[in-house]
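One-letter residues, chain by chain:
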Amino acid sequence: MFFHRQELQFKSTPDKPDAVYARKLQEVLGGQYGEITIAMQYMFQGWNMHIPGKYRDLVFGIGAEEIGHVEMLATMIAQLLEKAPLGITSDAVQDDPTVAAIVGGTDVQHAIVAGAGARPVDSNGNPWQGSYITASGNLLADFSQNAGAEMQGRVQVARLYHMTDDHGVRDLLSFLLARDTMHQNMWLAAVAELQEEGAENLPAPSNFPQHKEHTEVSYQYLNFSDGVHAGEGRWAKGPSPDGKGEFTYHDGPTTSAPMPPPTHPDSRFYGTTELPNAVEKLAGAAQDKLNRE
């Protein structure tokens, strides 16, 4: 059950209108690592979770907070657009205000589609996609992904902080940066706690029988580049983080196999093969007579 309270978690008031910056801010609203993605990712992880208790409460609680962050950014974007000009004066670029607006860096769909409001899109106007979210049901995999998503989001907000001198916008971004700091640490703590409690371990999923994989290559670093320094890393020697293997370094692959011959699909896919066209045509006709669809 959801109940909307008409308050914001933190104030969202710009000093002045700025349609160009409103477009930039769309990235952390509707981009791959924007607040819509984060909010929906956490909610779906909660809905897909198979155990009750603290981890489920964690994702629902933070997911609800992230929905509030969506609202804060949408409100800020709307305020940045509230008194911003829809185009640029003719002497600034040219007589067509739409072209001038594009040159100026504004999102014309803010005006045409949303009536001076925010949209569920990124900074280039690409629609938000549900494929951005990860909710696998494996908590170690999901929480590790969450930590990475919060890191990517914080990188983008930090960049946006330096793209404006508006004190009101920066104040909001400072708050979001602080919450991203908490959420990164929170997910890393949850990842550690999952492993400490034995609920899940590396490699995830830890309940897949590891003897069923080709264990001879499970802990090999295979250098497929002409770079010479990868062998100096922690991943190339010493015990693996899961405690189940010892890293080794190999300059190139340790296994190889011959390339299989080209495939020959049903002739009625009409792909070009090494067989004469007449032969392919006869094969298709024969398959038609046999009713093999």
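Only a predicted model underlies this, so the values are computations on that prediction, with no experimental measurement involved.

Student: Describe the sheet that holds strand S2 (residues 238-239), listing the residues and the values that go with them.
Tutor: The mixed open sheet is built from three strands, whose spatial order is S1-S3-S2. Looking at which strands have only one partner, the edges of the open sheet turn out to be strand S1 (220-222) and S2.

Student: Quick rundown of the nonpolar core? Include the residues and the values.
Tutor: If you look at the biggest cluster of nonpolar residues, it comprises 24 residues, and the most contacted ones within it are Tyr21, Leu25, Leu73, Leu80, Leu173 and Leu176. Put simply, the parts of the chain that give this core at least two residues each are helix H1 (19-25), helix H2 (27-30), helix H3 (35-47), helix H4 (54-82), helix H7 (139-161) and helix H8 (167-196). In terms of residue count, H4 provides more of this core than any other element does, seven residues in total. Not counting residues up to four positions away in its chain, the partners in contact with Leu73 are Leu25, Val28, Leu29, Glu35, Leu172 and Leu176. Ranked by size, the runner-up nonpolar core spans 17 residues in total, among them Tyr42, Leu58, Ala147 and Ala149.

Student: Any chance you could break down the side chain of Asp242 for me, citing the residues and the numbers?
Tutor: Note that Asp242 resides in the loop between S2 and strand S3 (246-250). Separated by 2.7 Å, the side chains of Asp242 and Tyr219 make a polar contact. Of note is the side chain of Asp242, whose polar atom sits 2.8 Å from the backbone nitrogen of Lys244. Beyond its immediate sequence surroundings of up to four residues, Asp242 is in contact with Leu202, Pro203 and Tyr219.

Student: Lay out the layout of surface pockets in plain terms, naming residues and giving numbers.
Tutor: In this approach a probe as big as a water molecule rolls over the atoms, and the regions it shows empty are the leftover space. In this structure, the largest pocket spans a volume of roughly 310 Å³. Looking at the largest pocket, it is lined by 13 residues, and the ones nearest its centre are Phe3, His4, Ala64, Ile67 and Gly68. Split by residue class, the lining of the largest pocket holds six nonpolar, three polar and four charged. Roughly 210 Å³ of internal volume is contained in the second largest pocket. Of the residues in the lining of the second largest pocket, the class split is three nonpolar, six polar and four charged.

Student: Tell me what's going on with the pairing of S3, and back it up with residues and numbers.
Tutor: Direction of pairing for S1 relative to S3: parallel, over a ladder of three bridges. Pairing of Gln220 across the sheet is with Thr248, part of S3. Alignment of S2 against S3, held across two bridges, turns out to be antiparallel. When the sheet's bridge partners are listed, Gly238 is paired in S3 with Phe247.

Student: Give a description of empty space enclosed by the protein that names residues and reports values.
Tutor: The tally for this structure, following the rule as stated, stands at one cavity of 30 Å³ or more. Here the largest cavity is characterised by a volume of approximately 70 Å³. Around the largest cavity sit Val28, Tyr33, Glu35, Ile38, Leu73, Ala149, Glu150, Gly153, Arg154, Val157 and Asp180, which together line it. Looking at the lining of the largest cavity, the elements that each hand over two or more residues are H3 and H7. Sorting elements by how many residues they give to the lining of the largest cavity places H7 first, with five residues. Grouping the constituent residues of the lining of the largest cavity by class yields six nonpolar, one polar and four charged.

Student: Describe the pattern of salt bridges, and please don't skip the residues or the numbers.
Tutor: Taken as a whole, this structure holds eight salt bridges when the rule is applied. In this structure, the salt-bridge partner of Asp165 is Lys16, at a minimum N-O distance of 3.6 Å. Of the two residues, Asp165 is situated in the loop between H7 and H8 and Lys16 in the segment before H1; the sequence distance between them amounts to 149 residues. The class of Lys16 is partly exposed, set by a relative accessible area of 41%. Ionic pairing is found between Asp107 and Arg119, a salt bridge with its closest N-O pair at 3.9 Å. Placement of Asp107 in the loop between helix H5 (97-104) and helix H6 (108-112) and of Arg119 in the loop between H6 and H7 is noted, with a sequence separation of 12 residues between them. Look at Asp107 and you get buried, because its relative accessible area is 13%. Accessibility expressed as a relative area gives 14% for Arg119, which makes it buried.

Here is what the cut-offs are and how they apply
Residues numbered from 1 in each chain as written. Predicted model: local features only at pLDDT ≥ 70, side-chain atom pairs only at ≥ 80, totals over all residues. Heavy atoms only, no water. Pairing = 2+ DSSP bridges. Helix = DSSP H or I, 4+ residues; strand = E, 2+ residues; numbered from the N terminus. Core = buried A, V, L, I, M, F, W, Y, C linked by side-chain atoms within 4.5 Å. Buried < 20%, exposed > 50% of the residue type's maximum accessible area, 1.4 Å probe, protein only. Contact = heavy atoms within 4.5 Å. Polar contact = N/O pair within 3.5 Å; in protein donor to acceptor, adjacent residues only side chain to side chain. 1 Å grid on protein atoms, 1.4 Å probe; cavity = no way out; pocket = protein on both sides within 12 Å on 5 of 7 lines; lining within 4 Å. Points joined across faces, edges and corners; volume = space filled by probe spheres on them. Nonpolar A, V, L, I, M, F, W, Y, C, P; charged D, E, K, R; others polar. Salt bridge = Lys/Arg side-chain N within 4 Å of Asp/Glu carboxyl O.

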